[in-house]
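Report on the structure
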Amino acid sequence: CIMANGQKLDDEAFTAACGSRWKLGDMLAVTYQSRTVIVTCTDRGSFEGKYGRQLDLSKATFSALAPLSRGVIEVEAL
């Protein structure tokens with residue numbers, strides 16, 4: 001799968017598909033509860049209008065914040 005930035009998807013990297021609020025290449029501090037990780041916006045997605053979400057985190061990013069079994073978490077991104 002090729003992302004909007006032209007790179008191949010690497011689900012082991014700390015990346016996210018970001019809503020229109022951010023530019024490709026932006027780095028964000030994403031926090032859930034007391035955990036924070038730095039991610040790079042590497043892709044876009046249709047999840048913003050369809051689901052009302054601003055970020056779609058890579059597996060590596062999500063699992064650094066919460067167990068994958070949680071499915072969806074509400075994070076803060078700066």
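Scoring rules and cut-offs
Residues numbered from 1 in each chain as written. Predicted model: local features only at pLDDT ≥ 70, side-chain atom pairs only at ≥ 80, totals over all residues. Heavy atoms only, no water. Helix = DSSP H or I, 4+ residues; strand = E, 2+ residues; numbered from the N terminus. Rg over C-alpha atoms; globule rule 2.2 N^0.38 Å. Buried < 20%, exposed > 50% of the residue type's maximum accessible area, 1.4 Å probe, protein only. Contact = heavy atoms within 4.5 Å. Areas by Shrake-Rupley, 256 points an atom, 1.4 Å probe, with all protein chains shown as cover. Lys, Arg positive; Asp, Glu negative; His and termini not counted. Charge placed at Lys NZ, Arg CZ, Asp CG, Glu CD.

1. What to know about the overall build of the protein chain
When you go through the protein chain residue by residue, the secondary structure sums to two helices and five strands. Over its C-alpha atoms the protein chain spans a radius of gyration of 12 Å, differing by no more than 12% from the 12 Å that the globule rule assigns to 78 residues. Along the first, second and third principal axes, the C-alpha set of the protein chain runs to 30 × 25 × 20 Å. Across the 78 residues of the protein chain, 33% fall into the buried class. Nonlocal contacts in the protein chain, meaning residues at least 24 apart in sequence, comprise 59% of its contacts between residues at least 6 apart. With the model as given, the accessible surface of the protein chain reaches about 5000 Å², and the carbon-plus-sulfur share is 49%. A distance of 3 Å separates the average location of the 9 positive side-chain charges in the protein chain from that of its 9 negative side-chain charges.

2. Regarding the side chain of Thr42
Mapped onto the fold, Thr42 is located in strand 3 (residues 35-43). Ignoring any residue separated from it by four or fewer positions in sequence, one finds Thr42 in contact with Met3, Ala4, Asn5, Thr15, Ala16 and Leu24.

Function cannot be inferred from these measures alone, as they are strictly geometric.
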